[in-house]
Amino acid sequence: MSLYGVGLNVTIQKILLDLKLHLTRQGGLGPRNLARVFRNLDKNQNGKLDIKELEAGLAEIGFFPKIVDLQALVKYFDLDGDGNLSHAEFVRALREPLNPRRRKMVEKIFRSLDRDRSGVIEVIDVSTLFFLCGSSTSSQHLRHLKTQRREVRKKDKRGSFGRLLVRLRRSCR
């Protein structure tokens, strides 16, 4: 199987399927389990997985892919080109797509938050939501959300509502 050219997508899909099946047996592909797995793999706690951490960590949970397969996986999902997988890149690689009912619900929520219909949820929209829900937000928290939004824009020029909501959920913990 070729790792470059036509066979790359096939190779990546096979590796992902094998890894997803293994992780499903280890607790599932939900956000909490993926976050737990990422934390366990990230031995140096820098928020990124390099090839060595990925190889060693996956071996600890009984998954033994070839190093060349891991390199292909990292190269394919490494959006910022730093040679590592960030938490967001890791989740993007492994998460399951939303079913149609849930996607419709998320799109409806996104549209309700995107008051100016720009396709981007602004910090002011989020702070208004917190205020309406009776929660207070600190200026530090809002600055963090603004930074997260900038990262989403840099990495995903399409302004994906799913990525923004994942980051929003993570930042509100």
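The structure under discussion appears in the preceding block.
Scope of this entry: the structure provided in the associated data block.

Parameters and conventions
- Numbers given for residues are sequential positions, taken from 1 along each chain in its written order.
- Given that the model is predicted, a residue must reach a pLDDT of at least 70 before its local features are reported, and side-chain atom pairs must reach 80 or more before they are shown or counted; all residues, however, enter totals for whole chains, interfaces and linings.
- Computation of side-chain values covers all heavy atoms of the structure but excludes hydrogens and water.
- Here a helix means four or more residues in a row that DSSP labels H or I, a strand means two or more in a row labelled E, and each is numbered from the N terminus.
- Relative accessibility thresholds used throughout: buried, under 20% of the residue-type maximum; exposed, over 50%; partly exposed, between the two (1.4 Å probe, protein chains only).
- Note on areas: Shrake-Rupley with a 1.4 Å probe; residue coverage comes only from the protein chains shown.
- Between 30 and 60 degrees the pair is tilted, below 30 it is stacked and above 60 it is edge-to-face, where a pair is any two Phe, Tyr or Trp rings, Trp via its six-membered ring, whose centres lie within 6.5 Å.
- Counting rule applied: Lys, Arg positive; Asp, Glu negative; His and chain ends not counted.
- By definition, a salt bridge exists where a carboxyl oxygen of Asp or Glu is found within 4 Å of a side-chain nitrogen of Lys or Arg.
- Polar contact is the term for a pair of N or O atoms within 3.5 Å; when the atoms are in protein, one must be able to donate a hydrogen and the other to accept it, and sequence-neighboring residues count only if both atoms are side-chain atoms.
- A contact between two residues is defined here by any heavy atoms of the two lying within 4.5 Å.
- For this analysis, a nonpolar core means a set of buried residues of the types Ala, Val, Leu, Ile, Met, Phe, Trp, Tyr and Cys, connected via side-chain atoms within 4.5 Å.
- Like charges within 9 Å and nonpolar side chains (Val, Leu, Ile, Met, Phe, Trp, Tyr) within 5 Å are joined into patches, using only residues over 30% in relative accessible area that form no salt bridge.
- Here the site of a charge means atom NZ of a Lys, CZ of an Arg, CG of an Asp or CD of a Glu.

Turning our eyes to something else, we now look at the overall build of the protein. From N to C terminus, the protein includes nine helices and two strands. Going from N to C terminus, the protein has its helices and strands arranged as α-α-β-α-α-β-α-α-α-α-α. Here the protein, with 173 residues, has 39% of them falling under the buried criterion. Accessible area for the protein stands at about 10,900 Å²; split by element, carbon and sulfur atoms hold 56% of it.

A few words on the packing of aromatic side chains. Considering all chains together, one arrives at two aromatic pairs under this definition. Between Phe38 and Phe90, the ring centres sit 5.5 Å apart and the planes meet at 55 degrees, which makes this aromatic pair tilted. Of this pair, Phe38 sits in helix H2 (residues 31-41) while Phe90 sits in helix H5 (residues 87-94); the two residues are 52 residues apart in sequence, bridging distant segments of the chain. The exposure class of Phe38 is buried, given its relative accessible area of 5%.

Our focus in this paragraph is unusual backbone geometry. Positioned with a positive phi, Gln45 is a non-glycine residue whose angle comes to about 55 degrees. One can find Gln45 in the loop between H2 and strand E1 (48-49).

This part is about the side chain of Asp78. As for its position among the elements, Asp78 is in the loop between helix H4 (67-77) and strand E2 (85-86). The side chain of Asp78 sits in the buried core without any salt bridge; Lys48 is the nearest counter-charge, 6.5 Å away. Side-chain polar atoms of Asp78 contact the backbone nitrogen of Gly81, separated by 3.2 Å. Looking at Asp78, its side chain comes within polar contact range of the main-chain nitrogen of Asp82, at 3.0 Å. Excluding anything up to four places from it in sequence, Asp78 contacts Gly83, Asn84, Leu85 and Glu89.

Structurally, Gly83 can be placed in the loop between H4 and E2. Remark: the alpha-carbon pair of Gly83 and Asp50, spanning 33 residues in sequence, is separated by 7.0 Å. Contact partners of Gly83, with chain neighbours within four places excluded, come to Val74 and Asp78.

Soluble globular proteins tend to pack their nonpolar side chains together in the buried interior. Core analysis: the biggest nonpolar cluster contains 25 residues, and Leu54, Phe90 and Leu94 have the highest contact counts within it. Those elements that provide at least two residues to this core are helix H1 (8-25), H2, helix H3 (51-60), H4 and H5. In this structure, Phe90 is in contact with Leu34, Val37, Phe38, Leu41 and Leu49, ignoring residues within four places of it in sequence.

Together, Lys104, Lys108, Arg111, Arg115 and Arg117 make up a positively charged patch on the protein surface. By the element assignment, Arg117 lies in the loop between helix H6 (100-113) and helix H7 (123-132). With relative accessibility at 57%, the residue Arg117 sits in the exposed group.

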